[in-house]
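Here is what each chain is made of, one letter per residue.
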Amino acid sequence: MISALWTMIGLAALLGLALGYAAIRFRVEGNPLAEKIDAVLPQTQCGQCGYPGCKPYAEAIAKGEADINLCPPGGEEGIHKLADLLGVEFKPFGENAQPKPKAVAFIDEQTCIGCTLCIQACPVDAIVGAAKQMHTIIASECTGCELCVAPCPVDCISMQPIEEKVSNWKWKYPVYALRQVA
Amino acid sequence: MSPLFSFHGGIHPPAHKDESTQSPIVPAPLPAKLVIPFRQHAGEMAKPVVQAGERVLKGQLIGEPVGAVSSAVHAPTSGTITAIDLQRIAHPSALPDLCATLVPDGRDEWTERTPLNYRQLSADQLQQHLRRCGVVGLGGATFPSDLKLRHARPVDTLILNGAECEPYITCDDMLMRERADAIVRGAEILRYALATDTVLIGIEDNKPQAITAMQRAVDESGHPFKVVVVPTIYPGGSAKHLIKVLTGLEVPSGKLPTDIGVQCYNVATAYAVQRAVEHGEPLIGRVVTVTGNVEQPRNYEALLGTPFSELVALSIVRRDTNRYIMGGPMMGVELPAVDVPLVKASNCVIAASDALFPLPPPPMPCIRCTRCAQACPVELQPQDLYWFAQSHNFGKAQEYDLFDCIECGACAYVCPSSIPLVQYYRYAKSEIRARDQEKRAADLARTRHEYRQFRLEREKQEKAERLAQKERAAAAAKAAAVPATPVDPSADANDTQQLRINEALARAKAQAAAAAPKNTGNLTPQQQAEIEAIEARRAHIRELAADAGADDEPPKTSRGN
């Protein structure tokens, strides 16, 4: 009787130690699910979801606080990917969160007064300039988040849709007209 | 004679090659206007180095290569550049691209050409020369030829591709018939640059005259090259398939031929290499087949930038022609308009009519008959790829090796349901490429955003530290200044600090007195009077100040009080 008790207590202590060691040794920093969600998000850092960047939104989704249909730059495909990842149903975009065609910001350099407000707003440091110097957008780094548009006091920033060029042209999905037979 | 090998699949479409091989290559007349696109090769677009209004000579560089994968563009004749702008080009998108418009002056005046002796050049110098001369693969892929000379491991076999497997196209056939010597010399230059032992020239057995001409040229040159006759099958002219047929080696998925010790060049590219090295002539023209629904199908040697409309007009287009195809009927692209210019990739232009190329019947559902899989020369499962592409399941399509597809069209050719399979594969490929690019952009944005967060945090910390330091310094100074306050500053004139301050004040006063006012010449009497009035007021104020504060003359003693 006593020996059985001791065996059980010994086993419990041993397993407890092993688990305790494993909890420290194999500790995972941060939330791995949030990382996975963040990898799916388009990283525009635009805040249209209501969170200050893609990472906070990913964390909110991981905690179950946010819906998966709040990211217009990711498009419907982004919602599908999130739905697949999280094993939930697809949810269409709401009324006021519709995806727009991709665009990059453009500064009208004639009008720019060099106030640096847009530089402070840009989440990816894609604007070059200094106080009282003309600013300009590094188009290849711009995510099209539109965060620089509102702070501009002289309204010199516009969003220019990315044009289709030979270099970024894509083959289209084959479509063929139906022909009437008799 | 070493044995030949074969590859899986392939088809035997009607060749239609005899029509355009009845007459020799005809030089095309100089057109009234040339339009030269700056993107005529795989990779980065060339950067224009001329301006509108500039006069250029034949062979003068007008676009220089940018980046690793790029090539140069030259003026095909002498004349004036009238514009550098967006123009329609031979591209399936029908979108405009950057082009130079050249109006020839008719003199065809060459720029300076420097013929080189390839034996005195290193492989590296030859690469540089080919890049400068804008030599690219003329089989249709237009990959810069200089890059194909680079190889990580030794290359022991050079293959010259004269298979020309696609129906209707005969430009390589005619070039081999008429300019075999130059092709063999070009092959020798490439062999030298690659330092290979074996050179195999693969020609399909439906070109007996080209085979004879090449064999004679090889015999006369004395080089130990081998002309190998390969069976006619489509797509036997694809580089990877010709390598398989001639050597039995298969280029692994995602690898280059040089990884298995083989390199392959088109015969027309070898010819361009010979012109570039032994004559110093950049690539400014090519042989192009004009065939299909025309009265006189034949090959023309035309300058790059010649509008296709002028070329087809030379062969007299039949009236029911309603569209034009650049390249062959299997892999070619429909031209957005017939006035687009000839480019380095244009091996053939086919005038097409509904009678010659009847529109395919409407596609029917896939019945999974797997005839496409039997025809596929890359041993893919086209029916599965189609299924994944049409349902936008790109991950799965990639798993089934979509990117090994060479878009030869053999699957679509045999499909009993006439499904445009290649269009689906092209769609899936370009979607996957676009997504990869988006993913890269997102990763870049994430890194930049994270770095920015880090930087803001760091700046905040630094600012807080600076403030704390300032506060500490202020507190220390206050503590140090407490005993100094009760001492009368004027009594302490011996103090060195006070002395220094007095000296500095004296210096400043002397400087102010010595400084002559500027802009005082050419003054009207009225201005002079105003200035004098101001000076008088100033003097008065100074006197007042001196009277009021005579005893505290040194205005500041120490910052502490």
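Since this is a predicted model, take the numbers as computed values, not measurements.

On to the overall build of chain B. Per the secondary structure count, chain B includes 15 helices and 17 strands. Scaling as 2.2 N^0.38, a compact globule of 561 residues should have a C-alpha radius of gyration of about 24 Å, whereas chain B reaches 38 Å, well beyond that. Taking the principal axes of the C-alpha coordinates as reference, chain B spans close to 120 × 60 × 50 Å. Across chain B, every contact between residues at least 6 apart in sequence was considered, and the portion connecting residues at least 24 apart equals 73%.

Okay, the sheet that holds strand β9 (residues 157–162) of chain B next. All names here are of chain B. Ordered in space as β11-β10-β9-β12, the 4 strands form an open sheet in which the pairing is parallel. What marks the edges here is a single partner per strand, and that holds for β11 (226–230) and β12 (262–266). In this sheet, neighbouring strand axes are inclined to one another by 25° on average, regardless of whether the strands run parallel or antiparallel. The pairing of β9 with β12 spans 5 bridges and is parallel. Bridging from a neighbouring strand, Leu 158 pairs with Gln 263 of β12. Seen against the sheet, helix α4 (residues 180–194) touches β9, β10 (198–204) and β12 and runs at an angle of roughly 150° to β9. Across the sheet, helix α7 (residues 267–278) is in contact with β9 and β12; its angle to β12 comes to roughly 80°.

Residue and element names in this part refer to chain B. Along β9, 6 of the 6 residues are buried, which leaves the element largely enclosed by surrounding structure. Alternating residues of β9 divide into Thr 157, Ile 159 and Asn 161 and Leu 158, Leu 160 and Gly 162, and every residue in both groups is buried. Summarising the sheet, β9 and β10 pair through 6 bridges and their orientation is parallel. If you follow Asn 161 over to β10, its bridge partner there is Gly 202.

The subject of this paragraph is unusual backbone geometry. Residues and elements named next belong to chain B. The omega angle of the peptide bond from Tyr 234 to Pro 235 is 0°, so this bond is cis rather than trans. With respect to the helices and strands, Pro 235 occurs in the loop between β11 and α6 (239–247). The residue Thr 370 is not glycine, and still its phi comes out positive at about 60°. For Thr 370, the location among the structural elements is in the loop between β17 (348–352) and α9 (371–375). In this structure Thr 370 comes out as partly exposed when scored by C-beta crowding, with 14 C-beta atoms within 10 Å. The phi torsion at Glu 407 lies on the positive side, around 55°, for a residue other than glycine. Overall, Glu 407 belongs to the partly exposed group, with 16 C-beta atoms counted inside 10 Å.

With that settled, the discussion passes to the nonpolar core. Ile183(B), Met214(B), Val288(B), Leu311(B), Val349(B) and Leu421(B) are the most contacted members of the largest nonpolar core, which totals 130 residues. With 9 residues, the top contributor of residues to this core is α4(B). With residues up to four places along the chain from it excluded, the contact list for Ile183(B) reads Leu175(B), Met176(B), Val267(B), Ala270(B) and Tyr271(B). Listed in part, the 16 residues of the second largest apolar core include Val124(A), Ile137(A), Leu147(A) and Cys148(A).

For the rest of this paragraph, the subject is the environment of Pro282(B). Residue and element names in this part refer to chain B. Its place among the elements puts Pro 282 in the loop between α7 and β13 (285–292). Assessed through the 26 C-beta atoms surrounding it within 10 Å, Pro 282 is described here as buried. Separated by 108 residues in the primary sequence, Pro 282 and Gln 390 place their C-alpha atoms 44 Å from one another. With residues near it in sequence (within four places) discarded, Pro 282 still touches Gly 59, Ala 72, His 74, Cys 133, Gly 134 and Ala 276.

Right, let's talk about the interface of chain B and chain A for a bit. Residue-level contacts link 21 residues of chain B with 21 residues of chain A. No other element matches helix α13 (residues 421–481) of chain B, which puts 13 residues into the side of chain B that touches chain A. Residues belonging to the side of chain B that touches chain A are distributed by class as follows: 9 nonpolar, 5 polar and 7 charged.

Before going further, it helps to examine the sheet that holds strand β4 (residues 55–56) of chain B. All names here are of chain B. If you walk across this open sheet you meet the 4 strands as β2-β8-β7-β4, and the pairing is antiparallel. Pairing within the sheet leaves two strands with one partner each, and these edge strands are β2 (34–37) and β4. Direction of pairing for strand β7 (residues 79–88) relative to strand β8 (residues 96–104): antiparallel, over a ladder of 9 bridges. Bridge pairing in β8 links Gln 87 to Asp 97.

In this section: the packing of helix α2 (residues 32–40) of chain A against helix α4 (residues 75–86) of chain A. Residues and elements named next belong to chain A. At a minimum axis separation of 10 Å, α2 and α4 run at an interaxial angle of 160°. Of the possible angle classes, the one that applies to α2 and α4 is roughly antiparallel. α4 is crossed by α2, and the crossing has right-handed handedness. Between α2 and α4, the residues in contact are Lys 36, Ile 37 and Val 40 and Gly 78, Lys 81, Leu 82 and Leu 85, respectively. A per-class count over the contact of α2 with α4 returns 4 nonpolar, 1 polar and 2 charged.

The next subject is the confidence of the model for chain B. The predicted model of chain B has a mean per-residue pLDDT of 90, with 94% of residues at 70 or higher. Confidence metrics for the complex model read pTM 0.80 and ipTM 0.82.

Bringing α2(A) into the picture now. Residue and element names in this part refer to chain A. For α2, the complete set of buried residues consists of Ile 37, Asp 38 and Val 40. Burial along α2 is one-sided: seen end-on, the buried residues are contained in an arc of 155°. The inward-facing, buried residues of α2 abut α3 (54–63) and α4.

Residues and elements named next belong to chain B. Here α4 crosses α7 at 80°, and the two axes come no closer than 7 Å. The angle between α4 and α7 places the two elements in the roughly perpendicular class. Contacts between α4 and α7 involve Ala 182, Ile 183, Arg 185, Gly 186, Ala 187, Ile 189 and Leu 190 from the first element and Val 267, Ala 270, Tyr 271, Val 273, Gln 274, Val 277 and Glu 278 from the second. When its residues are assigned to classes, the contact of α4 with α7 shows 10 nonpolar, 2 polar and 2 charged.

With that settled, the discussion passes to helix α5 (residues 208–221) of chain B. For an α-helix, the turn length of 3.6 residues means that residues three or four places apart are oriented alike. All names here are of chain B. End to end, α5 covers 20 Å across 14 residues, agreeing with the expected 20 Å (1.5 Å per residue, within 8%). All of the buried residues in α5 are Ala 210, Ile 211, Ala 213, Met 214, Ala 217 and Val 218. One side of α5 holds all its buried residues, which, seen down the axis, span an arc of 165°. Seen from the open side of α5, the exposed residues pointing more than 90 degrees away from its buried face are Pro 208, Asp 219 and Glu 220. In this structure, the buried residues of α5 make contact with β9, α3 (171–178), α4, β10 and β11.

Let us now look at the environment of Lys344(B). Residue and element names in this part refer to chain B. Within the secondary structure, Lys 344 is located in the loop between β16 (333–334) and β17. For Lys 344, a count of 25 C-beta atoms within 10 Å gives the class buried. As for Lys 344 and Leu 126, which are separated by 218 residues in sequence, their C-alpha atoms are 20 Å apart. Excluding residues within four positions of it along the chain, Lys 344 makes contact with Gln 40, His 41, Val 136, Leu 138, Thr 142, Leu 283, Arg 286 and Leu 304.

Cut-offs and rules
Residues numbered from 1 in each chain as written. Chains lettered and ligands numbered in written order. Predicted model: local features only at pLDDT ≥ 70, side-chain atom pairs only at ≥ 80, totals over all residues. Helix = DSSP H or I, 4+ residues; strand = E, 2+ residues; numbered from the N terminus. Rg over C-alpha atoms; globule rule 2.2 N^0.38 Å. Contact = placed C-beta atoms within 7 Å. Pairing = 2+ DSSP bridges. Axes fitted to C-alpha atoms, helices over the stretch in contact; angles between N-to-C directions. Buried ≥ 20, exposed ≤ 12 C-beta atoms within 10 Å, placed from the backbone. Core = buried A, V, L, I, M, F, W, Y, C linked by C-beta atoms within 7 Å. Nonpolar A, V, L, I, M, F, W, Y, C, P; charged D, E, K, R; others polar. Parallel < 35°, antiparallel > 145°, perpendicular 65-115°, else oblique. Left-handed = near helix turned anticlockwise from the far one by under 90°. pLDDT = per-residue confidence, 0-100. Arc of directions from axis to C-beta. Expected span 1.5 Å × (residues − 1).

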